[in-house]
Each structure stands twice: as structure tokens, then as C-alpha cells.
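# A structural walkthrough
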Amino acid sequence: ARMLSPSEFGIYAITQFFIAFLGALGGTGLAAGLIRQQHPPDELDYKAVFTAQQALVVFLAVVLWFAAPAIAGAYRLPPDHAWLFRLVALSLLATSFMVIPQVRLERRLAFDQLALVEIAQAFIFNAVAVLLAWRGFGPLSFSIALLLRAMVGAIMANWLSPWNFGWHWDWQRVRNHLGFGIFLQGGQVVSLLKDSITPVFVGLYLGTGSVGHINWAQMVAN
């Protein structure tokens, strides 16, 4: 808090919101459908869900990558701050590679291994964010830390639960999971729209400094 300004804390809150919102849109609830499936999914189930998910995630990441300068401009940020949102796009891509291993671990109730992934991610994020902030990277420290957090999570999840990685398009298999997944994901999107008041409306109308003060207040309250 002593190294960063309220505006830089606000930028962190905004980038976190973008990751959560795009993650909710990109997941389509297909992973949850695999978890609740009564019979064990086969390799084609995993590959079909992974392929459909990646198609949407790549699309969202590309859109965010090219829209980054416009988003930075809307928040009245310098042009070079577009990289904050481009790193968010890369973080979204990296996170998507840990979804299938997570599903496999949850189906085995291997929550001890899932906890190892989360602990490693928390350690990497906090260590990198604080170190880079101390070294003067400003708000970029958060985006770099988010990207490294996503990469560590993807590597560890695939190491703990390796699977026969591959691509397979099968609309019938995907459609079987969409009936449940769309409604589950829709609920998450609606919840995030509710939470968008601070990072979106406050940020666009009052600036990132106001977002930083509100985010700090929420962190203290929590």
C-alpha cells in the first residue's frame, strides 16, 4: 500500500474483474458438466470439451488483445497501459489449460492436490506482485503476477493430473454438457455484472483512483 497509489490499486481491481468476467464467458460451464456426469468421461469427452472451450477462450483473448488500447483510453490511462489488458488476455489463455486437469482431480476428490495448486498460485502471485511493486513496476506488477500465477497453475495441474492432451470436435458431446453449463455460467455472469459497478462504472466515470479507494475499503472490510 505504501508503494502504490490509489490509482494503481484501482487498475489492479479492474484487471482482476476482466479476468473473472472473461473466464466466466469462456468457460461455458462445460467443465462443471464433466464433473457432475454420472459415468466417468472418456478421452473424447475431455478433448471435445477442451476444444470447444479453447475456441471460445482464444476468441475472447484475441478480442481483448486488440481492444486493449481502446480500453486503456476509456479509463484515461496512458497508451502503454494497454499491455496491462494484453497480459490479462494471456492469463486467460494460460488458465484455460488447467481446466481439464482440475476436472479430473475433482472427480477423484483429490482436493489435497488441488490445494497444492492453489497454494503455489497464491505464493507466486503475492511474491511476484510485491517484488515488482517494490522494484517500481507499478500496476504492471499485478498483471505480470497474474500471468505467472496462471502459468504456474496450468503447469502444476497438468503435472498432478496428466491427460492425453489433444483436439477433437464433437458437437453432440459438447451439446450434452451445454444444457447444464449455460445456466450455471449464466448465473456467474449475472453475479459478475452486479459486481461490475466499481471496476466499470466507477472506473469510467470517476477514474481508477476512486476504484482504488473502494477496492481498498472492500479488502479491509473483508
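Below is a summary of the structure that appears in this document. (Residues numbered from 1 in each chain as written. Predicted model: local features only at pLDDT ≥ 70, side-chain atom pairs only at ≥ 80, totals over all residues. Heavy atoms only, no water.)

A few words now on the overall build of the protein chain. Assigned secondary structure in the protein chain consists of 10 helices and 0 strands. N-terminal to C-terminal, the α/β element order of the protein chain is α-α-α-α-α-α-α-α-α-α. For the protein chain, the C-alpha radius of gyration of 18 Å lies close to 17 Å, the compact-globule estimate for 222 residues. Judged by the C-alpha coordinates and their principal axes, the protein chain covers about 50 × 30 × 30 Å. (Helix = DSSP H or I, 4+ residues; strand = E, 2+ residues; numbered from the N terminus. Rg over C-alpha atoms; globule rule 2.2 N^0.38 Å.)

So, about the nonpolar core. By size, the foremost hydrophobic cluster in this structure holds 22 residues, and its most contacted members are Ile 14, Phe 18, Leu 64, Ile 71, Tyr 75, Leu 77 and Phe 85. Secondary-structure elements contributing two or more residues to this core are α1 (6-27), α3 (43-74) and α4 (82-96). In terms of residue count, α3 provides more of this core than any other element does, 7 residues in total. Once you skip the residues sitting within four places of it in the chain, Phe 85 turns out to touch Ile 14, Thr 15, Phe 18, Leu 64, Ala 68, Ile 71, Ala 72, Tyr 75 and Leu 77. (Core = buried A, V, L, I, M, F, W, Y, C linked by side-chain atoms within 4.5 Å. Buried < 20%, exposed > 50% of the residue type's maximum accessible area, 1.4 Å probe, protein only. Contact = heavy atoms within 4.5 Å.)

Time to look at the pattern of salt bridges. Applying the stated criterion across every chain yields a total of 1 salt bridge. In this structure, Glu 43 engages Arg 104 in a salt bridge whose closest nitrogen and oxygen atoms are separated by 3.7 Å. Of this pair, Glu 43 sits in helix α3 while Arg 104 is found in helix α5 (residues 99-107), placing the two residues 61 residues apart along the sequence. With relative accessibility at 17%, the residue Arg 104 sits in the buried group. (Salt bridge = Lys/Arg side-chain N within 4 Å of Asp/Glu carboxyl O.)

With that settled, the discussion passes to helix α8 (residues 171-195). Counting along an α-helix, one turn takes 3.6 residues, and residues three or four places apart therefore face a common direction. Most pronounced at Leu 178, the bend in α8 amounts to some 45°. Considered for burial, the residues of α8 that qualify are Val 174, His 177, Leu 178, Gly 181, Gln 185, Val 189 and Leu 192. (Bend = angle between axes of the 7 residues up to and from the residue.)

Attention now goes to unusual backbone geometry. Positive phi, normally seen in glycine, also occurs at Arg 76, with a value near 60°. Here Arg 76 is to be found in the loop between α3 and α4. Overall, the relative accessible area of 52% leaves Arg 76 in the exposed class. The backbone of Leu 109 sits at a positive phi, close to 55°, despite the residue not being glycine. Positionally, Leu 109 belongs in the loop between α5 and α6 (111-134). Owing to a relative accessible area of 61%, Leu 109 belongs among the exposed residues under this scheme.

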